[in-house]
Amino acid sequence: MQIEYSVCLERHPLPVGGYLAQLTLNAPARINALTLETVTLLHRLLIELRDDPEAVAVFFDGAGARGFCVGADALRIRASALANPGGAAVEAEAFFAHEYAAAYLIHTFPKPVVCWGNGIVMGAGLGLMVGASHRIVTESSRVAMPEISIGLFPNVGASWFLGQMPGRSGLFTALTGVELSPADVLYAGLADYCLADSSKALVLRKLLQLDWCDDPEWNAECLTECLTDIEAEQGAGLGAASLKDCRGWIDEVCAQPSMLAVTKGICQYRGADPWLSKAAQGLSAGAASTAKLIFRQLDTGRGLSLLEVFRMELVLSANRVRDPEFAEGVRARLIDRDHDPRWCYRGIDEVPELEMEAMFKSPWANSPLDELL
């Protein structure tokens, strides 16, 4: 096994020749939170595996039983922004560029990528998982894009995959940060299979026994058949499909003619459904400026290519992490843990248009992402 910092690479030899590469995020104590070192190494290893003819596929997972990836290390991103007031957040910008480059490589990888998304899969963790060709959640998976709670915004390709969710459920998921069950994730098209938590070793063993060849399409079909059979044999419990069950209400409230009407409609929910109530609380407690940014982000991202989406989100990330809303959200949620952020605006109608427009202005002549791809 080759171990470097917070990513492990293990090459599993195949009876037919070549190997299955297992890439493991290796920071279990932090639920595999991403750092600059992690994403830089992940990006390099993905390029290495992409270009190695002996590597037939990638199995991507996280160390430990608590989760695949809780997202980015928001504390380090905040520290980077605060270290240079009024200027570039150097480490944060480098982090986002390498993170987005790694995620884009997963989306466009020329060989099958299987992602084992057990436990907590949130924020950037979801952004990494959704790009895989074969995405597995487990009975314990807890999936969300909770960035509104810390004053950031859903990223790592979220403008792309949230826009592809059924109806207006992607907008709702982003605005509320609500947690999705395995059934929700499958319904939303964010994952393909739900397997038992304890079956990762079994899945790896089955994958090593497949008739791999040098044709990626054939390999992908064999993988699909294998994982479908395992899922059918196990019959893992999916839990409630709240996103599907509440789809009618979600589409209706999110179709209202203004951002203010949509956010008020969600926040004023007074029904009996506990999942919708929790979603309403998430939006009510979140940053109004993030909510407005989400509307603009998803609207602007509609019709963009995947690469254009990542370029846009890199600009938004570089600008947003230097905003006091992000610093305050991280303080309240992760530093003081008082869960009482003092946001700059009480409602979405107070957020200035000029502030939103500034978020989309690139601080660079050329995107740093283009240099990494």
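Provided above is the structure to which this section pertains.
Undergrad: Looking at this model, I keep getting lost on helix H11 (residues 247–254). Mind explaining?
TA: Taken as a whole, H11 has its buried residues at Ile250, Asp251, Val253 and Cys254. For H11, the secondary structure elements touched by its buried residues are helix H6 (169–176), helix H10 (242–245), helix H12 (259–267) and helix H13 (274–285).

Undergrad: Explain helix H16 (residues 324–335) here, please?
TA: Along an α-helix, residues three or four apart share an orientation, since each turn contains 3.6 residues. Every buried residue of H16 is accounted for by Glu325, Phe326, Ala327, Glu328, Gly329, Val330, Arg331 and Ala332. Where the residues of H16 are buried, they touch helix H2 (74–82), helix H14 (288–301) and helix H15 (306–320). At the C-terminal side of H16, Arg337 shows a positive phi close to 55°.

Undergrad: Just checking my understanding: could you explain the packing of aromatic side chains for this structure?
TA: Aromatic ring pairs: the centre-centre distance and the angle between the two ring planes describe each pair. What the rule picks out here adds up to eight aromatic pairs. Relative to Phe96, the ring of Phe95 has its centre 5.3 Å away and its plane inclined at 70°; by these criteria the two rings are edge-to-face. Both residues of the pair, Phe95 and Phe96, belong to the buried class. Measuring from centroid to centroid gives 6.3 Å for Phe172 and Trp249, while their planes differ by 85°, and the two rings are edge-to-face. Within this pair, whereas Phe172 is found in helix H6, its partner Trp249 is found in helix H11, the two being separated by 77 residues in sequence. When its relative accessible area of 27% is taken as the criterion, Trp249 is described as partly exposed.

Undergrad: In this structure, what is going on with the pattern of salt bridges? I would like to understand it.
TA: Any two side chains of opposite charge can pair, given that their charged atoms come close. Applying the stated criterion across every chain yields a total of 18 salt bridges. A salt bridge links Glu328 to Arg331, with the nearest nitrogen and oxygen atoms 2.8 Å apart. Here Glu328 and its partner Arg331 are both found in helix H16, three residues apart, which amounts to about one turn of the helix. Judged by relative accessible area, which is 14%, Glu328 ranks as buried. Several salt bridges share partner residues, and in doing so they unite Glu328, Arg331, Asp336 and Asp338 into one network.

Undergrad: Please clarify how the environment of Glu179 should be interpreted in this entry.
TA: Locating Glu179 in the fold gives a position in the loop between H6 and helix H7 (182–188). A residue is classified by how much of its surface remains accessible, and Glu179, at 31% relative accessible area, is partly exposed. Taking C-alpha positions, Glu179 is 5.6 Å from Val143, a pair spaced 36 residues apart along the chain. Apart from residues lying up to four places away in sequence, Glu179 is in contact with Met122, Arg142, Val143, Ala144, Asp184 and Trp275. Only 3.3 Å separates the side chain of Glu179 from the side chain of Arg142, close enough to count as a polar contact.

Undergrad: What's the story with the packing of H12 against H13 in this structure? I'm lost.
TA: How two helices pack is summed up by the angle between their axes together with the distance between the axes. For the pair H12 and H13, interaxial distance at closest approach is 8 Å and the crossing angle is 130°. Here H13 runs oblique to H12, going by the angle between their axes. Taken together, the residues of H13 that come into contact with H12 (itself represented by Thr263, Ile266 and Cys267) are Ala280, Leu283 and Ser284. Here the contact of H12 with H13 is built from residues that sort into four nonpolar, two polar and no charged.

Undergrad: Help me understand the environment of Asp61, please; the structure alone is not making it clear to me.
TA: Tracing the backbone shows Asp61 in strand E4 (residues 55–62). Distance in space between the C-alpha atoms of Asp61 and Asn118 is 8.3 Å, their sequence separation being 57 residues. Look past the residues within four positions of Asp61 in its chain and what remains in contact with it is Gln22, Leu23, Thr24, Leu25, Phe68, Trp116 and Lys200. In this structure the side chain of Asp61 is engaged in a polar contact, spanning 3.0 Å, whose partner is the side chain of Gln22.

Undergrad: I'm lost on the nonpolar core in this one. Help?
TA: Nonpolar side chains in soluble globular proteins generally cluster together in the buried interior. Ranked by internal contacts, the top residues of the largest apolar core, which has 106 residues, are Leu23 and Phe60. In terms of residue count, helix H3 (residues 90–107) provides more of this core than any other element does, eleven residues in total. Discounting residues that sit within four places of it in the chain, Leu23 has contacts with Val7, Cys8, Leu9, Leu42, Leu45, Leu46, Leu49, Val58, Phe59, Phe60 and Asp61. Grouped together as the second largest cluster of nonpolar side chains are 19 residues, Phe59, Leu195, Leu210 and Trp212 included.

Analysis parameters
Residues numbered from 1 in each chain as written. Predicted model: local features only at pLDDT ≥ 70, side-chain atom pairs only at ≥ 80, totals over all residues. Heavy atoms only, no water. Buried < 20%, exposed > 50% of the residue type's maximum accessible area, 1.4 Å probe, protein only. Helix = DSSP H or I, 4+ residues; strand = E, 2+ residues; numbered from the N terminus. Contact = heavy atoms within 4.5 Å. Phe/Tyr/Trp six-rings, centres within 6.5 Å; stacked < 30°, edge-to-face > 60°. Salt bridge = Lys/Arg side-chain N within 4 Å of Asp/Glu carboxyl O. Polar contact = N/O pair within 3.5 Å; in protein donor to acceptor, adjacent residues only side chain to side chain. Axes fitted to C-alpha atoms, helices over the stretch in contact; angles between N-to-C directions. Parallel < 35°, antiparallel > 145°, perpendicular 65-115°, else oblique. Nonpolar A, V, L, I, M, F, W, Y, C, P; charged D, E, K, R; others polar. Core = buried A, V, L, I, M, F, W, Y, C linked by side-chain atoms within 4.5 Å.

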